[in-house]
Amino acid sequence: MIRTFFVFLFLYFSFGITAQVKTGVGTWNIGLTYELQKFNQFSSLRFQFNSSKNNQVALSIGFSPQKARQTVFASSLMVDYSKRFPLKKLGLGPVVHVGMDSYVFGTRFNYTHASMGYRMSMGSPFQFFQELSFGPTLETFEYLSQAHRNLTWNYHFKLGLQYAIR
Amino acid sequence: MLVFLLFACQKSEEVKKILVFGHAGMGLSMSQSIYHDNSKEAVSLALNLPTSNGVEVDVRMSKDGTLWLYHDELLEAETNGTGCVADLHDDQLKELAYNTYKKERLVKLSDVVPLLQEHQVLFLDIKHMNSCQNKFIDFDLLLEALNEQVLSYSSQIILICSNEYWLNALTDEYHVVYSTDELSEGKKVLLNHPLINGLVVRNASISKSDIDWIKEQNRSIYLYDIRSVKGIRQAFRKNPTGILSDDLRNALVERGYAL
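About the criteria used
- Residues numbered from 1 in each chain as written.
- Chains lettered and ligands numbered in written order.
- Predicted model: local features only at pLDDT ≥ 70, side-chain atom pairs only at ≥ 80, totals over all residues.
- Heavy atoms only, no water.
- Helix = DSSP H or I, 4+ residues; strand = E, 2+ residues; numbered from the N terminus.
- Buried < 20%, exposed > 50% of the residue type's maximum accessible area, 1.4 Å probe, protein only.
- Polar contact = N/O pair within 3.5 Å; in protein donor to acceptor, adjacent residues only side chain to side chain.
- Contact = heavy atoms within 4.5 Å.
- Phe/Tyr/Trp six-rings, centres within 6.5 Å; stacked < 30°, edge-to-face > 60°.
- Lys NZ or Arg CZ within 6 Å of the ring centre and 35° of its normal.

## Topic: the side chain of Asn150(A)
Point 1. Within the secondary structure layout, Asn150(A) lies in strand 9 (residues 146–165).
Point 2. On the basis of relative accessible area, Asn150(A) is assigned to the buried category, the value being 5%.
Point 3. Polar side-chain contacts of Asn150(A) include one of 2.6 Å to the side chain of Tyr35(B).
Point 4. Once you skip the residues sitting within four places of it in the chain, Asn150(A) turns out to touch Thr137(A), Leu138(A), Glu139(A), Phe141(A), Ile34(B), Tyr35(B) and Leu45(B).

## Concerning the packing of aromatic side chains
Residues and elements named next belong to chain A.
Point 1. Summed over all chains, the structure comprises 13 aromatic pairs over all chains.
Point 2. Considering the side-chain rings of Trp28 and Phe49, the 5.1 Å spacing of their centres and the 50 degrees angle between planes classify their relative orientation as tilted. Residue Trp28 is found in strand 1 (residues 27–37), and its partner Phe49 is found in strand 2 (residues 41–52); the two are separated by 21 residues along the sequence.
Point 3. Residue classification places Phe49 among the partly exposed positions, given a relative accessible area of 29%.
Point 4. A connected cluster of aromatic rings, assembled from ring pairs, spans Phe39, Tyr103, Phe109, Tyr111 and Phe141.
Point 5. Its end group placed over the ring of Tyr103, Lys67 keeps NZ or CZ at 4.9 Å from the ring centre.
Point 6. Across the ring face of Phe129, the terminal group of Arg119 is positioned such that the distance to the ring centre comes to 5.1 Å.

So this is what it looks like as structure tokens:
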């Protein structure tokens, strides 16, 4: 985790020096994201569509390396919408997420998320971004014929690096 | 490579025999817990996770001689009440709730014991001090309360006691383990009290060789203060009888299927 953080920090400052934001209309970005949340960590492949200069919709498909080390497969699917307001070399704006993840251990555990927060982005065609959002998460599972639903607040801290496909 | 694989398999079989319990429900002061420690909701969730061997809770006696679940010495530390559990009546305690957004209520021990499944174990960490009066609670009243409220479940209950003078009286009816921060003291207690089942010690305070020694005495050894995946793996490598984990979900997954 700390190693990943420093790699992204290095990239953040590297892109900060030469950043020129040129997000095009109707273009795509593809990238990698690391997400830390209350119950799990996910590494995701991210597909972002720039519907207009400052409006972005993305789909992230991920898995949990931590759960994989425990020989459990945990998958995640997350959709987000973000608006970007350019501030010199930075792009800063709100982001809204909805998504779910799950893993099977004795039974299937499902986590449904919704969250709101900010996204900060920098650089082109390689773009580094960082997000922090908060919102409710619903844990559901059924075990021994008994259904369990547990609602809790959750945080989503994300670091990502993506490339603009021209 | 073959030797490595054989060794890995053997190690994993050892780990699968280690019992995993939730500490104070789903963990003590853990953000992943969802529910406050020692609440009925936390205990219920911990007992309903697949492969869970049970749960540990903290028990204090009220002025009316009823056993309640509460960890801290003072109620103002975690609830909307003030003072000590031992100085309040049941009617006052049942009105109290934890200072969380879910406002879980304080719960009587007799309300959580029936949640146990047949194969599960409930550890009761007996809090023997009344800090507000700076004295021990009445042992005879405590024993009476235990016999009245949980004796019918005694085969599924293990008492955690940190008062050496109470051990002999408790072992008549219950399985008892001694809790200590000083391992050398714990070893002496094991030798002086042949009827107690074992020890509960902090994970960081004990080595694998100490655990092996305790097991050679045909006693059980349970580790607590295990808050991270790294800590869970470290505890499993020492091969204790069981762990009281603050991250129950990850501890169960790390151990794998044990049933």
